[in-house]
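Secondary and tertiary structure notes
Now for the letters of each chain:
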Amino acid sequence: MLSLVLVILMNPNEIFGLSLFTFIAFLLSLAFKQHFNLFKEISEKANKDFLTGLNNHGYFKEILEKEVAAAKENDQPLSIVILDIDDFKKYNDLYGHIQGDHLLQEFGALLKADSDAANFIVARYGGEEFSIIMPNTDRQSAYSFMNELRKKVNDTYYKGVEGLPYGCLSFSSGIAECEKETYSISELLNKADQAMYAAKNQGKNLVQIYNGHSEYSIQRSLSLEKELEESEYQLKIFLSKDVYTYRHSKRVYQYAVDFSRVLNLSVHERKTLILGALVHDIGKIEIPRDILSKKGKLEPHEWEMMKKHVTFGKEIIATNKKLEDLIPIVELHHERYDGNGYPYGLAGKSIPKLARILCVIDSFDAMTTERPYQKTKTFQEAIVELRDCSGKQFDPQFIEPFIAMIKEFDNSGDERKKELVPSFVM
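Just so it is clear, the structure is predicted and the values come from calculations on it, not from any experiment.

**Description of the packing of aromatic side chains**
On inspection of all chains with the given rule, the structure shows twelve aromatic pairs. Between F107 and F130, the ring centres sit 5.2 Å apart and the planes meet at 65°, which makes this aromatic pair edge-to-face. One end of the pair, F107, is in helix α5 (residues 97–117); the other, F130, is in strand β3 (residues 129–135), with 23 residues separating them in the sequence. Taking the relative accessible area as the measure of exposure, F130 reaches 0% and is therefore buried. Members of the aromatic cluster, each reached through a chain of ring pairs, are Y255, F259, F364, F379 and F402.

**Considering the confidence of the model for the chain**
Mean pLDDT over the chain: 84, with 81% of residues reaching 70 or higher. Here helix α8 (residues 216–220) stands out as the least confident element of the chain, with mean pLDDT 45; β3 is the most confident, with 97. A low-confidence stretch, residues 217–222 stays under pLDDT 50, and its non-local contacts, those more than four residues away or across chains, total 18 contacts. Low pLDDT (under 50) marks residues 412–426, which in the prediction has 37 contacts with non-local residues, meaning those over four places away or in another chain.

**Examining the environment of D281**
Following the sequence through the fold, D281 ends up in the loop between α11 (267–279) and α12 (289–292). Overall, the relative accessible area of 2% leaves D281 in the buried class. The spacing of D281 and E331 is 50 residues in sequence and 9.3 Å in space, taken between C-alpha atoms.

Rules of the game
Along each chain, numbering runs from 1 in the same order as the chain's sequence is written. For a predicted model such as this one, the threshold for reporting local features is a pLDDT of at least 70, and the threshold for listing and counting side-chain atom pairs is 80 or more; totals across whole chains, interfaces and linings nevertheless cover every residue. Each side-chain value is worked out from all heavy atoms of the structure, with water and hydrogens disregarded. Any pair of Phe, Tyr and Trp rings, taking the six-membered ring for Trp, is counted once the centres come within 6.5 Å. Such a pair is stacked with planes under 30 degrees apart, edge-to-face with planes over 60 apart, and tilted for the rest. Per the convention used, a helix needs a DSSP run of H or I reaching at least four residues, while a strand needs a run of E reaching at least two, with both numbered from the N terminus. Each residue gets one of three labels from its accessible area relative to the maximum for its type: buried under 20%, exposed over 50%, partly exposed in between, using a 1.4 Å probe on protein chains only. Known as pLDDT, the predictor's confidence for each residue is given on a scale from 0 to 100. Note on definitions: a residue-residue contact is assigned when non-hydrogen atoms from the two residues lie within 4.5 Å.

Rendered as structure tokens:
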């Protein structure tokens, strides 16, 4: 458009036209620059916490998504920290919220200075909680950094901290390292959060690394007894049109109860696996009845529809925030160890551990019970199949322990071919 203006202006008077064109171009350039700077300023404000100037909660999660993806792609370590200022409510009660805000600003400034020096990313997570993303940092290095920071905070004077229990400012923090099995940033943040509460429970002013087998997993784990009862009731309603799937889910549930004991899983892992096993096929409520009950082999388009039950299941589970830990199990229990499963074609330990365990249990029951479109196998035939598919469909580390458990059942005459009654015993 400017070129067209230049041609029109230069036609009667070349000098005047060129000068006017240059002036117009300059004004437009200036306007665009101001507009861009204004847009940049507004965007930055939207991503910053208004009190501390640190990244806010929403923007922090955006950054974390990208950093986790990069760490997995490049096979680099990444740690996440959640920290909470100890006794901050008491400080607010003593000195008021205005001074409390000043404390948050000063603490945030110290946190940012030390994090920037280490190329870490810091954010205000909410209230008196802060979070730090540590790229290229394993859990032990993260622990060293946080412990030094904790001591530095203890030794830094802030107005009024002499009234706090420790006589100084302190914080409790939890560290979680991203692993190949990490399903989502919510899982990673939940682990850091559990570790942080462990530090609180141990007396505060501590740094704690997440450990799935620690006692705090019991204290902070999902309390699933009530959810188990509710989910079984929902399962009866959802799968009333498909008796086979309901009975299959109940059997898989019972296998999960027994196998979780064999594997010596943490309490949180056991509860999550057990409830996940009960509802793993809940997405089949969205599959047409004629496909679910069809006799004989499914057509390709029918099989594609059947595979969508994992996505439907994820969407159903996601409506209940208390059950978000079950999403990886429900969505990924048909992924294969060799990467030829669905819905994403994940392989090896990029598949969450509990989903890999459920894949073994689910497949064994499917092989050994009557199905509309496949011949039933005996326990011995199914055991042969498990071993043949070890390292292909199944994670090898779980095959022999599961087979040993099945042989015990077989020897005792417990063939698990009738509908099992749940007995949630931990």
